[in-house]
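Tertiary structure, described
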Amino acid sequence: MGRTRFVVARSAQALLVIALSYTLVFFTLFVLPGNPIENKLTNPQNPLPESAAGPLIAYYHLDKAPIEQFLISVQRLFQGDWGYSLTNGKPVTDLIGQGLSNSAPLALLALLFTAVLSLGIALLAVFGPRRLRGFARLLPLVFLSTPSFLVGFLLLLVFSFQLGWISSIRDEGFVTLILPAATLAIGVNAPITQVLITGLDRAAGEPFVTVLRARGVSEAGIVGGHLLKNGSIPAVTLLALTVGDMLASTVVVETVFSRTGIGFITQQAVRDQDTPVILAVVVLVSTTFVIINLVADLIYPFLDPRISYATRRSRIRAARRTRAKTPEVFA
């Protein structure tokens, strides 16, 4: 399968996953018995006045059949209309946009910290001084057993309250992102680091390493030019899957650092049963997750040229043809 055809097929699969997730969440939140929108708007404790609740009930067409509500919702979705919050009446797109402007830079920096931290610990555990290798292999276990809120409190205590390097109150731009990004990175990097250590251990024992040394290639050239490419493919897969854990951890981290990002908006929406906001957040997270995994699939052949764009089915067929041609004495 060529690269273009592979990209088109994987993009179609990604769109299908996003459409299915939207459909499932819509019918779960809006249509199943005990409609939370109607319950929220007709609740006597609802802070919205009747003058604001009436237009919202008419907007969501709660008197129509479920399939009609779904088709109207999809039509509005293509027009960029995500509906209105049930707690304050603001457009959902404005709330999500406000949250993304705070969470997107934090998530990107946390992803960069995760990659750098995992790579540094793995290289130290496999190729570092022997007295430090055991310590480096223990770090993923320590990170895995430490809750994110505790890491955040410790970083605030040391770097904000003791050293005074980063303010815990003022917004100092990029510097303000460092502590929450480090908290997210420490919370999710342990599985990636362990897989990367295993991959580098396996690659370092391959016969081609002996051949490269016999040809006079330096140790730095072997590690940087060959071992990292061979040993990092499972870690790249896990890094893409870790994005989901990172998005879930933002709820805790943004609460600890008092940031009004997607995590904080999600926590508020779940607490107040603000279903239009919950639907938008779920679709946003699933879209981000699918896109990052699609990018991870596309970069595999660049890391290891032996990996082709062939689909799993075609690889299985090729393996069966090869097995059929193999003499039984070698089977």
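Residues numbered from 1 in each chain as written. Predicted model: local features only at pLDDT ≥ 70, side-chain atom pairs only at ≥ 80, totals over all residues. Heavy atoms only, no water.

**Observations concerning the overall build of the protein chain**
Rules: Counting from the N terminus, the helices are the DSSP runs of H or I reaching at least four residues and the strands are the DSSP runs of E reaching at least two. Exposed residues in this analysis have more than 50% of their type's maximum accessible area, buried residues have under 20%, and partly exposed residues fall in between, with area computed by a 1.4 Å probe over protein chains only. Any two residues whose heavy atoms approach within 4.5 Å at even a single point are treated as in contact. Residue-level accessible areas treat just the shown protein chains as cover; the underlying method is Shrake-Rupley with a 1.4 Å probe.
Broken down by element type, the protein chain carries 14 helices and zero strands. N-terminal to C-terminal, the α/β element order of the protein chain is α-α-α-α-α-α-α-α-α-α-α-α-α-α. Counting all 331 residues of the protein chain, 37% fall into the buried class. Taking as baseline every contact in the protein chain between residues at least 6 positions apart, the subset at least 24 positions apart corresponds to 73%. Here the protein chain displays about 18,800 Å² of accessible surface, and carbon together with sulfur accounts for 65% of that area.

**Thoughts on helix 4 (residues 66-78)**
To keep things clear, this is the line we draw: Here a helix's expected span is defined as the number of its residues, less one, multiplied by 1.5 Å. Arc definition: it is the arc formed by the directions from the helix axis to the C-beta atoms.
For helix 4, spanning 13 residues, the distance from its first C-alpha to its last is 19 Å, which sits close to the expected 18 Å at 1.5 Å a residue. Of all the residues in helix 4, the buried ones are Gln 69, Phe 70, Ile 72, Ser 73 and Arg 76. End-on, the buried residues of helix 4 take up no more than an arc of 165°, which puts them together on one face. Opposite the buried face of helix 4, at more than 90 degrees from it, the exposed residues are Leu 71 and Phe 78. Residue Gly 80 follows helix 4 closely and has a positive phi angle near 80°.

**Observations regarding the nonpolar core**
For the record, the criterion: Within this scheme, the nonpolar core is defined by two criteria: the residues are buried Ala, Val, Leu, Ile, Met, Phe, Trp, Tyr or Cys, and they are joined through side-chain atoms within 4.5 Å.
Ranked by size, the top nonpolar core spans 38 residues in total, and within it Phe 143, Leu 179, Leu 184, Leu 200, Leu 227 and Phe 257 carry the most contacts. Those elements giving two or more residues to this core turn out to be helix 5 (92-127), helix 6 (130-144), helix 7 (148-162), helix 8 (174-204), helix 9 (207-214), helix 10 (219-231) and helix 11 (233-256). Ranked by residues supplied to this core, first place goes to helix 8 with 13 residues. Discounting chain neighbours no more than four positions away, the residues touching Leu 184 are Leu 106, Ala 110, Met 246, Ser 249, Thr 250 and Val 253. Counting 22 residues, the second largest nonpolar core, distinct from the first, contains Tyr 59, Tyr 60, Phe 70 and Val 281.

**Description of the side chain of Asp 274**
Within the fold, Asp 274 resides in the loop between helix 12 (262-272) and helix 13 (275-303). On the basis of relative accessibility, which here comes to 3%, the residue Asp 274 falls in the buried class. Not counting residues within four places of it along the chain, the set of residues in contact with Asp 274 comprises Ser 85, Leu 86, Thr 87 and Ala 269.

**Brief notes about the packing of helix 7 against helix 8**
Keep this limit in mind: The axes are straight lines fitted to the C-alpha atoms, using for helices just the contacting stretch, and the angles between their N-to-C directions are given from 0 to 180°. Every angle not falling under 35 degrees, over 145, or within 65 to 115 is termed oblique; those three ranges are roughly parallel, roughly antiparallel and roughly perpendicular. The handedness criterion is simple: a crossing whose near helix is rotated anticlockwise from the far helix by less than a right angle is left-handed, and one whose near helix is rotated clockwise is right-handed. Each residue is assigned to one of three groups, with Ala, Val, Leu, Ile, Met, Phe, Trp, Tyr, Cys and Pro labelled nonpolar, Asp, Glu, Lys and Arg labelled charged, and all others, Gly among them, labelled polar.
Interaxial distance between helix 7 and helix 8 falls to 9 Å at its minimum, and their mutual angle equals 140°. Accordingly, the angle class assigned to the pair helix 7 and helix 8 is oblique. Relative to helix 8, the crossing made by helix 7 is right-handed. Between helix 7 and helix 8, the residues in contact are Ser 148, Val 151, Gly 152, Leu 155, Leu 156, Phe 159 and Ser 160 and Leu 179, Ala 182, Thr 183, Ile 186 and Gly 187, respectively. Along the lines of polarity and charge, the residues of the contact of helix 7 with helix 8 split into seven nonpolar, five polar and no charged.

**Quick look at the packing of helix 8 against helix 10**
At a closest axis distance of 8 Å, the pairing of helix 8 and helix 10 adopts a crossing angle of 125°. The orientation of helix 8 relative to helix 10 falls into the category oblique. Handedness of the crossing formed by helix 8 with helix 10: right-handed. Between helix 8 and helix 10, the contacting residues are Leu 196, Gly 199, Leu 200, Arg 202, Ala 203 and Ala 204 on the first element and Leu 227, Leu 228, Asn 230 and Gly 231 on the second. Class assignment for the residues of the contact of helix 8 with helix 10 results in six nonpolar, three polar and one charged.

**Brief notes about the confidence of the model for the protein chain**
For the record, the criterion: For every residue, the predictor assigns a confidence score, pLDDT, that lies between 0 and 100.
Averaged over every residue, the pLDDT of the protein chain is 78; residues scoring 70 or more account for 81%. Looking over the protein chain, one finds the lowest element-wise mean pLDDT in helix 14 (residues 312-325), namely 48, and the highest in helix 5, namely 88. Confidence over residues 322-331 falls short of pLDDT 50; this stretch has one contact with residues more than four positions distant or in other chains.

**Considerations on the pattern of salt bridges**
Close approach of charged atoms lets side chains of opposite charge pair. Rules: Whenever a carboxyl oxygen of Asp or Glu lies within 4 Å of a side-chain nitrogen of Lys or Arg, that contact is scored as a salt bridge.
In the structure shown here, the tally under the stated rule is three salt bridges. Where Asp 201 meets Arg 137, a salt bridge forms, and the shortest distance between an N and an O atom there is 3.2 Å. Note that Asp 201 is positioned in helix 8 and Arg 137 in helix 6, a separation of 64 residues in sequence. Judged by its relative accessible area of 33%, Asp 201 falls in the partly exposed class. Of the residues examined, Arg 137 reaches a relative accessible area of 35% and is grouped as partly exposed. Of the charged contacts, one joins Arg 213 and Glu 219 as a salt bridge, the two residues approaching to 2.8 Å between their closest N and O atoms. According to the relative accessible area criterion, Arg 213 is partly exposed, its value standing at 46%. Relative accessible area serves as the criterion here: at 43%, Glu 219 is assigned to the partly exposed category.

**Details of the packing of aromatic side chains**
Rules: Stacked, tilted and edge-to-face are the three classes assigned to paired rings of Phe, Tyr and Trp, where Trp is represented by its six-membered ring and a pair needs centres within 6.5 Å; plane angles under 30 degrees give stacked, over 60 edge-to-face, the rest tilted.
Following the criterion strictly, the structure yields seven aromatic pairs and no others. Within the aromatic cluster, the residues linked to one another by ring pairs are Tyr 22, Phe 26, Phe 27 and Phe 70.

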